[in-house]
Amino acid sequence: PPRSAPPATRRAPPPPPALGPRAVCGACFCAAFEAEVLHTVVAGRLLPPGAVVAVGASGGKDSTVLAHVLQVLAPRLGISLRLVAVDEGIGGYRDAALAAVRRQAARWELPLTVVAYADLFGGWTMDAVARSTAGSGRSRACCTFCGVLRRRALEEGARLVGATHIVTGHNADDMAETVLMNFLRGDAARLARGGGLGSPGEGGALPRCRPLQLASQKEVVLYAHFRRLDYFSEECVYAPEAFRGHARHLLKLLEAARPSAVLDLVHSAERLALAPAARPPAPGACALLDGLNRGRPRLAIGKGRRGLDEAGPPRDGEPERAPAPEAVPAF
Amino acid sequence: MCQVGEDYAEPASEEPPPRQPGREQKCVKCKEGLPVVVIRAGDAFCRDCFKAFYIHKFRAVLGKNRLIFPGEKVLLAWSGGPSSSSMVWQVLEGLSRESAKRLRFVPGIVCIDEGAACGLSPEARAKTLAEMKLILQTVGFPWHVVALEEVFDLPPSVLRCFAQEPVETEGAYKAAVDSFLQQQHVLGAEGAGDSPSLAQGEEQLSWPCTQDPQNPQSPDRPPTAAQTEALSRLFDSVKTLTAKEELLQALRTHLILHVARTHGYSKVMTGDSCTRLAIKLMTSLALGRGAFLAWDTGFSDERHGDVVVVRPMREHTLKEVAFYNHLFAVPSVFTPALDTKAPEKASIHRLMEAFMLRLQDQFPSTVSTVYRTSEKLVKAPRDGCAASPPGPRCLLCMCALDIDTAGLCLPSPGCSEEGIGEWVLGFSSPLVPSAPLYLQTVPRLLGLRLPCICPRRSPPPHRPLHPAVLQGWGGCRAAVGGPGPVRGAALLSQGGPPSLRHRAAVLRLPREHEGLALPGPPATLHLGRGPAPQPEGLHRAADPGVPG
């Protein structure tokens, strides 16, 4: 799947859609960006004063920008920050990203906690999950696992540091891709759940929000460029298999044809009206781990998808057309 | 997967190559006939079973929704394309069956000639019309051919949403059917042996004689050159293909509504197939219409109140339609559309269509998956409170506004015209000088002081929204949600662009009205990213109470 282009060069970059066709210099852009995030948080009452905020830090551009902006705004909002990084156990990828997070933590002087799948989930690293779910001719679906497990891991990490809220760096492009993807895959459960600026925290979970949700990816990249932030920009080794790539490709096409498409999709997602609980909720970490431990990793995934396949009854010798994997952002 | 039928030159009875070597080559349903078509993955049907399957689906969709009452007048919207042609054919055949299973409504056909919007020459249009009339005469229902130019004649009452009784209960439907059957029985079995296309023996079905299918408006009068010119100008002034497409749909809908109301039709059937609706859902999503998906793609669309639009073909895929039409010689007429031969990236609609069809190749259940999800969408009132009075509605698509009108303020002087983006008309767009009168009249009568949604970077000055007092046009008052002072916000197109934080919206007024041919300067409805333009001509507004 295509990834975002590296930041532009010396001359004033084209103004991101958010500001309209006015030209701004780097400093004004950054100030406007920070004001935007502040407005989002304040208007949505996302992070009340006194909140201890766990920032999901992956080392990538979104969480780096998020942490930086929140640090700038922290005095005004009256919040304190803790960095929580998740180690999924993906060799050759996560270790390098974690190094970036550690550098950032040192630079910002923020406490950093790393939680590892291997510790939390009985030794299951993502590489082990990928090996387990690799089937004959089937796609691996490891992204589905990773997303759900990361959400749980972030929750655990946040509790460890005594946080009251969790924030993640999802930007508008992420949200737009998610809604496209959920429709294409018929994931009514996730459609019904997602969309707003954050979840209040069902069933005892900590409240989560996404302060960058209205910022487009271009803006995030530009902000990181102007503030000279150090982040890790390679994609996960499993990403090429993810279904999200199709949604991302579509989003890029739509954006090229009509720049407002990204925010229009976010707007659409916020206003979807689905029949209440027509489907059971998306399987959680426990269900997935259960399947893994029993040696039947597709147990929890397969159930949710079966009714949607129109491939007809499986025939002998024909590989079952399994649901394509997705990279679900953990939120 | 579907080698059968790819080559249309082959006769239908030719045996397809087997899906797997050594596989039995028989219809999966009856196990006897030779299969001629593959539906879904691996289900090969013979000709008769396919026909039964297709017809059954059509009737099942109508039957399970129970919205079409016996004896009701239903207008079939026919574009000439394969899906709507198939729909017309199904209705034709359905009406001719033996009485127990006969379809029970009274059909008419409407056909909109959109040639002017698509840039067709008068000769091409005439040729197409001739072909269409041939088919219409064969079908035999009362028909109405209307040129798109007639939008310029529409009265503003087209945009009224007549409050309607809630959908009849199950009991009422059953009672209606029972009483209808009883009446039929009393009249005797006259209709059973008649010619297949007519049920003239039954007095309840008050059809006009099919030899004279013209409506009193004499559709043979072609549109004037000036009207055609005006329509061309309207479409030329809309910059993007996406916006043109949305504008065309809005105007087409208004016109069909008008025909339906004028001739007493309470239902309109459109031929949207499963494939088209899946694409439409994704397109609407990308255009910001997430709040209205259930109306845009569901079986019934009752946003107009008295006329309900239904989509009986929504479970038929385009592939099934194409095969059926080919195998059973359903006539259709090809007309170029607005985006015929347009490059793939020309509009959101084209992009989405190409993407979905490509993805469908790779994941054959894509279309049906999207369709199944669309069935789970509900028509939720905006704030979840059904009892509250209906809010303001969009001028063009007639849906209740989904933008947050709470933070609206009045336009401040000195707003510049910068930052006007290109917007799809479904949400906003510049309606240029040549906009149809009915679209201009409503704003003029209502939109005195216009609200401005300030861009997200500069918080709105928070002046209270000043209600504009209606100057006596009851219909428009209903159009914006009930009696009483009307908010100018009602006129804003619905919030396709996201929340109020992102856009500025201003409705400008025409300086004067000169009549149909050349309406005055712009009644512009646009949303831009920057601050709102200074509205002009407001001093001519009749409402003295508006702050300057």
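- Going by an unreviewed UniProt entry, chain B carries the name Cytoplasmic tRNA 2-thiolation protein 2 and comes from Equus asinus.
- Annotation of chain B in UniProt includes, under Sequence similarities (unreviewed entry), the sentence "Belongs to the CTU2/NCS2 family."
- Taken directly from UniProt, the Subunit (unreviewed entry) text for chain B runs: "Component of a complex at least composed of URM1, CTU2/NCS2 and CTU1/ATPBD3."

- Naming follows an unreviewed UniProt entry, where chain A appears as tRNA(Ile)-lysidine/2-thiocytidine synthase N-terminal domain-containing protein of Equus asinus.

A word on the overall build of chain B
So, step 1. The helix and strand tally for chain B stands at 14 helices and ten strands.
So, step 2. Classification of the 548 residues of chain B by burial places 55% in the buried group.
So, step 3. Here the analysis covers contacts within chain B between residues at least 6 apart in sequence; of these, 77% occur between residues at least 24 apart.
So, step 4. For chain B, the accessible surface area stands at approximately 22800 Å², while carbon and sulfur atoms represent 55% of it.

A short note on the packing of helix α7 (residues 172-184) of chain A against helix α11 (residues 261-270) of chain A
Residue and element names in this part refer to chain A.
So, step 1. Relative orientation of the contacting elements α7 and α11 amounts to 60°, with a least axis distance of 8 Å. One way to sum up the angle between α7 and α11 is to call them oblique. As for the relative orientation of α7 and α11, their crossing is left-handed in sense. Side by side, α7 and α11 meet where Ala172, Asp173, Met175, Ala176, Val179 and Leu180 of the first sit next to Val262, Leu263, Leu265, Val266 and Ala269 of the second.
So, step 2. Residue composition of the contact of α7 with α11, grouped by class: ten nonpolar, no polar and one charged.

Let's talk about the sheet that holds strand β8 (residues 308-310) of chain B
Residue and element names in this part refer to chain B.
So, step 1. Taken together, the six strands give an open sheet; going across it, the order is β5-β4-β3-β6-β8-β7, and neighbouring strands pair in mixed fashion. Looking at strand neighbours, the two that pair on one side only are β5 (143-147) and β7 (300-301), the edges of this open sheet.
So, step 2. Where β7 lies against β8, two bridges are found, and the strand directions are antiparallel. Pairing of aspartate 301 across the sheet is with valine 309, part of β8.
So, step 3. Strands β4 (106-113) and β5 of the sheet are contacted by helix α4 (residues 122-139), whose axis makes an angle of about 165° with β5.

Considerations on the pattern of salt bridges
So, step 1. Scanning the model with the defined rule gives 34 salt bridges over all chains in all.
So, step 2. A salt bridge links arginine 248 of chain A to glutamate 177 of chain A, with the shortest nitrogen-to-oxygen separation between them at 2.9 Å. With arginine 248 of chain A in helix α10 (residues 244-257) and glutamate 177 of chain A in helix α7, this residue pair connects regions lying 71 residues apart in the sequence.
So, step 3. A salt bridge links glutamate 353 of chain B to arginine 350 of chain B, with the shortest nitrogen-to-oxygen separation between them at 3.2 Å. Within this pair, glutamate 353 of chain B and its partner arginine 350 of chain B are both found in helix α11 (residues 348-362), separated by three residues, close to a single helical turn.
So, step 4. For glutamate 353 of chain B, a relative accessible area of 17% puts it in the buried group.
So, step 5. Assessed through its relative accessible area of 18%, arginine 350 of chain B is described here as buried.
So, step 6. In this structure, a network of salt bridges that share partners links the residues Asp272, Arg289, Asp296, Asp301, Arg303 and Arg311 of chain B.

What to know about the environment of valine 378 of chain B
So, step 1. Position of valine 378 of chain B relative to the elements: it lies in the loop between α12 (366-375) and α13 (437-446).
So, step 2. Judged by its relative accessible area of 32%, valine 378 of chain B is partly exposed.
So, step 3. A C-alpha to C-alpha distance of 9.2 Å links valine 378 of chain B and phenylalanine 292 of chain B, two positions 86 residues apart in sequence.
So, step 4. Leave out the neighbours within four places in its chain, and valine 378 of chain B touches Ala273, Leu274 and Ala275 of chain A together with Ala294 of chain B.

So, the side chain of histidine 165 of chain A
All names here are of chain A.
So, step 1. Within the fold, histidine 165 resides in strand β4 (residues 165-167).
So, step 2. In this structure histidine 165 comes out as buried when scored by relative accessible area, which is 13%.
So, step 3. Of the polar contacts made by the side chain of histidine 165, one reaches the side chain of threonine 164; its length is 2.9 Å.

A few points about the UniProt feature "binding site: ATP" (unreviewed entry) in chain A
All names here are of chain A.
So, step 1. Look at the UniProt record and you will see "binding site: ATP" (unreviewed entry) annotated at Gly56, Ala57, Ser58, Asp62, Val86, Gly169 and Asp174.
So, step 2. Inspection of the secondary structure assignment puts aspartate 62 in helix α2 (residues 61-77).
So, step 3. Once residues within four sequence positions are removed from consideration, aspartate 62 is found in contact with Gly169, Asn171, Asp174, Leu212 and Val220.
So, step 4. A polar atom in the side chain of aspartate 62 sits 3.3 Å from the side chain of lysine 61.
So, step 5. Here aspartate 174 is to be found in helix α7.

A few points about the packing of α10 of chain A against α11 of chain B
So, step 1. Between α10 of chain A and α11 of chain B, the shortest axis-to-axis distance is 10 Å and the interhelical angle comes to 165°. When the axes of α10 of chain A and α11 of chain B are compared, the pair comes out roughly antiparallel. In terms of crossing hand, the pair formed by α10 of chain A and α11 of chain B is right-handed. Residues His246, Leu250, Leu253, Leu254 and Ala257 of chain A of α10 of chain A lie in contact with α11 of chain B, whose contacting residues are Ile348, Leu351, Met352, Phe355, Arg358, Leu359 and Gln362 of chain B.

A few points about the nonpolar core
So, step 1. Counting residues in hydrophobic clusters, the biggest one holds 48 residues, and the most contacted among them are Phe50, Leu76, Trp78, Ile109 and Met269 of chain B.
So, step 2. Looking at which element gives the most residues to this core, the answer is helix α1 (residues 47-65) of chain B, with eight residues.
So, step 3. Filtering out sequence-adjacent residues up to four positions away, leucine 76 of chain B remains in contact with Met87, Val88, Val91, Pro107, Gly108, Ile109, Val110, Phe141 and Met269 of chain B.
So, step 4. By size, the runner-up hydrophobic cluster in this structure holds 46 residues, among which are Phe243 of chain A together with Cys274, Ala286 and Phe355 of chain B.

Description of unusual backbone geometry
Residue and element names in this part refer to chain B.
So, step 1. Its identity as a non-glycine residue notwithstanding, arginine 66 has a phi of 55°, on the positive side.
So, step 2. Within the element layout of this structure, arginine 66 appears in the loop between α1 and β3 (73-77).
So, step 3. Among the residues examined, arginine 66 registers a relative accessible area of 32% and is labelled partly exposed.
So, step 4. Its identity is not glycine, yet alanine 329 carries a phi of approximately 50°, on the positive side.
So, step 5. Position of alanine 329 relative to the elements: it lies in the loop between α10 (318-327) and α11.

Digging into the pairing of strand β1 (residues 52-56) of chain A
Moving residue by residue along a regular strand, the side chains alternate between the two faces of the sheet.
Residues and elements named next belong to chain A.
So, step 1. Counting buried positions along β1 yields five of five residues, so the element is predominantly enclosed.
So, step 2. Here β1 shows a buried face lined by Val52, Ala54 and Gly56 and a second buried face lined by Val53 and Val55.
So, step 3. Sheet topology places β1 next to strand β2 (residues 80-87); five bridges connect them, and they run parallel. Among the inter-strand pairings, valine 53 is bridged to a residue of β2, identified as leucine 81.
So, step 4. With three bridges connecting them, β1 and β4 associate as parallel partners. The residue of β4 that forms the bridge with valine 55 is valine 167.

Some remarks on the pairing of β5 of chain B
Residues and elements named next belong to chain B.
So, step 1. Where burial is concerned, most of β5 is hidden: five out of the five residues are buried.
So, step 2. Of the strand pairs in this sheet, β4 and β5 are connected by five bridges, and their pairing is parallel. The residue of β5 that forms the bridge with aspartate 113 is alanine 147.

Thoughts on the packing of aromatic side chains
Centre-to-centre distance and the angle between the planes together describe a pair of aromatic rings.
So, step 1. Applying the stated rule across the entire model yields twelve aromatic pairs over all chains.
So, step 2. Between phenylalanine 45 of chain B and phenylalanine 53 of chain B, the aromatic rings sit 5.2 Å apart at their centres with planes inclined by 45°, giving tilted as the arrangement. Accessibility classification places phenylalanine 45 of chain B together with phenylalanine 53 of chain B in one group, the buried group.
So, step 3. A network of ring pairs unites the aromatic residues Phe45, Phe50, Phe53, Tyr54, Tyr324 and Phe328 of chain B as a single cluster.
So, step 4. Of note, arginine 185 of chain A hangs over the ring of phenylalanine 243 of chain A, and the distance from its end group to the ring centre comes to 5.6 Å.
So, step 5. In this arrangement the basic side chain of lysine 73 of chain B is found over the ring face of tyrosine 265 of chain B, its NZ or CZ atom lying 4.7 Å from the centre.

Conventions and cut-offs
Residues numbered from 1 in each chain as written. Chains lettered and ligands numbered in written order. Predicted model: local features only at pLDDT ≥ 70, side-chain atom pairs only at ≥ 80, totals over all residues. Heavy atoms only, no water. UniProt positions renumbered as here; feature names shortened; annotations may be inferred. Helix = DSSP H or I, 4+ residues; strand = E, 2+ residues; numbered from the N terminus. Buried < 20%, exposed > 50% of the residue type's maximum accessible area, 1.4 Å probe, protein only. Contact = heavy atoms within 4.5 Å. Areas by Shrake-Rupley, 256 points an atom, 1.4 Å probe, with all protein chains shown as cover. Axes fitted to C-alpha atoms, helices over the stretch in contact; angles between N-to-C directions. Parallel < 35°, antiparallel > 145°, perpendicular 65-115°, else oblique. Left-handed = near helix turned anticlockwise from the far one by under 90°. Nonpolar A, V, L, I, M, F, W, Y, C, P; charged D, E, K, R; others polar. Pairing = 2+ DSSP bridges. Salt bridge = Lys/Arg side-chain N within 4 Å of Asp/Glu carboxyl O. Polar contact = N/O pair within 3.5 Å; in protein donor to acceptor, adjacent residues only side chain to side chain. Core = buried A, V, L, I, M, F, W, Y, C linked by side-chain atoms within 4.5 Å. Phe/Tyr/Trp six-rings, centres within 6.5 Å; stacked < 30°, edge-to-face > 60°. Lys NZ or Arg CZ within 6 Å of the ring centre and 35° of its normal.

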